[in-house]
Each structure stands twice: as structure tokens, then as C-alpha cells.
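Observations on the model geometry
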Amino acid sequence: MVTLVESVSTGGAERLAVEIAARLDPARFRSTMCLTRSPAQLHVDPAVQAAAEHRLRAAGARVIILERTGTWQLGAWRPLIALLRRDPAAVIHGHMFGSNVWATVLGLLFGVRAVVIHDHRQADPLRTPTVRLLTRHLLARWSAAAIGVSDETGRQMVEQDGFDAARVHVILNGVPAIAGADGRRIREELGIGPGDPVIASVTMLRPAKTVEVLIEAAATLRSRFPRLRVLVAGGGSERARLEALIRDLGVEDTVTLLGMRPDVPDILDAADVAVLASDIEGTPLAIMEYMEARVPIVATRVGGTPELLDDGVHGVLISPRDPPALAAAIAGLLEDPARGRRLAEAAYARKSSMFDIARVVGRIEDLYDQLLISTPAGRRTGR
């Protein structure tokens, strides 16, 4: 089976795609990961790229990297096309809109028995008429199965995008267990004292992630917590704009944009509070990583996040685009560490029982088996 995703960046969807491809049972599936965009063009950190490739190859997966730098650079697909001709795939599984489109097109062209698309619902309000048209008339019509990462995502796929409800499968995300995280190393690297409060946010620097809300909240909090540090791990197109905002607000000594990092568990181990201030989410892996790291969480009440966290039980949920509310929630946890620990332990227990990556992979393997049983060789699912 072939997995398509643009890159192995630190975005949640990308990391989930790598984990699934690496964890498929090799006795049942020959896993191939195809990265459909040039890592250099997407500015993927070489350390992140190397770690992901090592993870995949160590698990026995094949890795194909396309040097595609533009949407219509069709010749860059030759390595994958050659593989599909030489070793036809039974399943092709795309992650996020662009790769979902290409997975469906390649499935139709090369007789793949089952196309699976994975909707992480990362930029729903940004969908153009063309995106909506392709979703309704290509993805909804010709995919064998569609995975939504939350109940809300699954509902939207049926009601807004025209998917047959029988083909939509809600599979919540999951993350691996963390062992041996070293927050002290991060504090030493960044010159943060043992008692200095640290806020961490693991997020791509994209418009929908509204990192500016966290930066504005940090400017408010700095007078209350003079030694506060805010660490943002992730890369993306918004970096220059956010750097300008940091300068404009005079919080250069408070907020640090770390870029894409391969040591996210260490960053979370250094944190007193973890934040995700997005406008839009599917079922964010970052929240699950916060839960696994046992760090108190403040997050916006959007997408599938309320399906992960009960407000006041597993974390603190606030409305999006509200810097004063975010600042107040963070301050409340910093000033009442005992409450933070109770929330963090409850979140960890919930993650351990419900959002383990092995559970996710098992459900996806079962879905592949169901599709292949219902679609004999020589036939293809779709309307």
C-alpha cells in the first residue's frame, strides 16, 4: 500500500501519516511512503527529514521523495508512477486535500483497488470554490473510504462535502508514548532558569493556527510574570509576519520561534503550560502530545478539541481569537500549579486509554482489510 503526504514536517497530519506508514504490520502490508513535494522547497528541517526517513526505513517501509516544486510539475511523479506500474498497489492512502486529490487521480489511472482519503480538516474556511468542487465531485465520488479525524469532521464531510455516510469512518488521531524526555536540556540550551515559567506551543505557523493570539497574550502576561518564556515549535509561511509582531510588541526576550524541531517531547517536558490557540482544528496531535507529556493545557474550543478535552477536567478551553481570555487561562494555571497537575494527570489518563497510536493503526489496518475483501482484484471501489 502507498501513503501520500506532502512532507514530513512537524505538522500533525504529516507526523501521523509517517507513524501509520511505519507501524503497518509488515506481514500484511508492504508499506511505501511517497513525499509529494520537494523538502527543500517546503524548507523542511534536514534533521526532521532525516529522522522521519530513518523511522520509515527502519520499519521496512519504502520511501519515495518527489522533487516537485509546483502543482502542475507532472514529470516529477515519474518515480511513483514507475513503482505503480512495476508493483501495483492495492490501497493508496492520501493525507490532506492536495494528496487526497492526487491519490484519487492515481488510483483511477493505475487501477488501484481502493483509494482512502484522510481529511484532517485543517483549513476549512479557506476552501476555494475549486477545492469544494474537487472534494464533492472527485474525492466524494471516487474514493473507497474517507477518514475523518473527529465526529465534527465526519459530519461536515457528509453534510457539506457530499460523501456517502457509509463510506465515512471517524478515526480519532493518536500519538506514541513518550519515554526519557529531557526538559532540563532545553532550558539550558535556551538560557531558561529552573524556576522561570515556560509556555510551549507545538504548531505550524499557518494562518489558521493564529499564533499571534498567543504572542499578544504573552505581551500581557510579561508584566505579571517577568521571567516568562514562550516557546513555539513549528515552521510555516507565517514566520516573517509573526517575527514582525514580536518586534512590534517588544517581546523578543519572551517569545522564541524555535522552527521545526525533532525534540518536541523535550520541549514539552520543559513547559509549565502548553497552548494551542487555533481557529481551526481537526483532532490535533499537538493536544494529544500535551496530554502524553502531562503538561497542563489551554486550548481553543474548536473542531475536535472538545472531543479530546473536557473543560475543567482535562484542560482549560477558551474561545478563539481572544488574547485576554488566553492570558487569563494561562495565568490561572501558572498561579495554581496543583490544579494544573490535576488537569494534566486526568488528561494523561484519558490519552492513555483512548488516543494511543497503536489503536489508530489497528483501526486503519482493519479498514484496509475490509476494503480489500469487498473489492476483488481487477475491480475498484468508487461510484
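Let me sum up the structure you'll find in this document. In this text the structure is predicted, and so the values were computed from the model without any measurement. (Residues numbered from 1 in each chain as written. Predicted model: local features only at pLDDT ≥ 70, side-chain atom pairs only at ≥ 80, totals over all residues. Heavy atoms only, no water.)

**Focus on the nonpolar core**
Counting 50 residues, the largest nonpolar core has Val116, Ile287, Tyr290, Ile297, Leu309 and Tyr368 as its most contacted members. Beyond its immediate chain neighbours, meaning those up to four positions away, Tyr290 contacts Ala200, Ser201, Val202, Leu268, Ala274, Val275, Leu276, Val295 and Ile297. (Core = buried A, V, L, I, M, F, W, Y, C linked by side-chain atoms within 4.5 Å. Buried < 20%, exposed > 50% of the residue type's maximum accessible area, 1.4 Å probe, protein only. Contact = heavy atoms within 4.5 Å.)

**Observations regarding empty space enclosed by the protein**
Within this structure, the stated rule accounts for 2 cavities of 30 Å³ or more. The calculated volume of the second largest cavity comes to roughly 40 Å³. Around the second largest cavity, the lining residues are Ser201, Thr203, Lys209, Thr210, Val211, Leu214, Val275, Leu276, Ala277 and Ser278. Breaking the lining of the second largest cavity down by element, the ones donating at least two residues are α8 (211-221) and β11 (273-276). (1 Å grid on protein atoms, 1.4 Å probe; cavity = no way out; pocket = protein on both sides within 12 Å on 5 of 7 lines; lining within 4 Å. Points joined across faces, edges and corners; volume = space filled by probe spheres on them. Helix = DSSP H or I, 4+ residues; strand = E, 2+ residues; numbered from the N terminus.)

**Description of the side chain of Glu19**
Structurally, Glu19 can be placed in helix α1 (residues 12-23). Residue Glu19 is classed as buried on the basis of its relative accessible area, which comes to 15%. Once residues within four sequence positions are removed from consideration, Glu19 is found in contact with Arg55, Pro176 and Ile357.

**Some words on unusual backbone geometry**
Look at Met96: it is not a glycine, yet its phi comes out positive at around 75 degrees. Checked against the element boundaries, Met96 lands in the loop between β4 (91-95) and α4 (97-109). Residue Thr210 is not a glycine yet carries a positive backbone phi of 40 degrees. Within the secondary structure, Thr210 sits in the loop between β8 (198-202) and α8. For Thr210, a relative accessible area of 0% puts it in the buried group.

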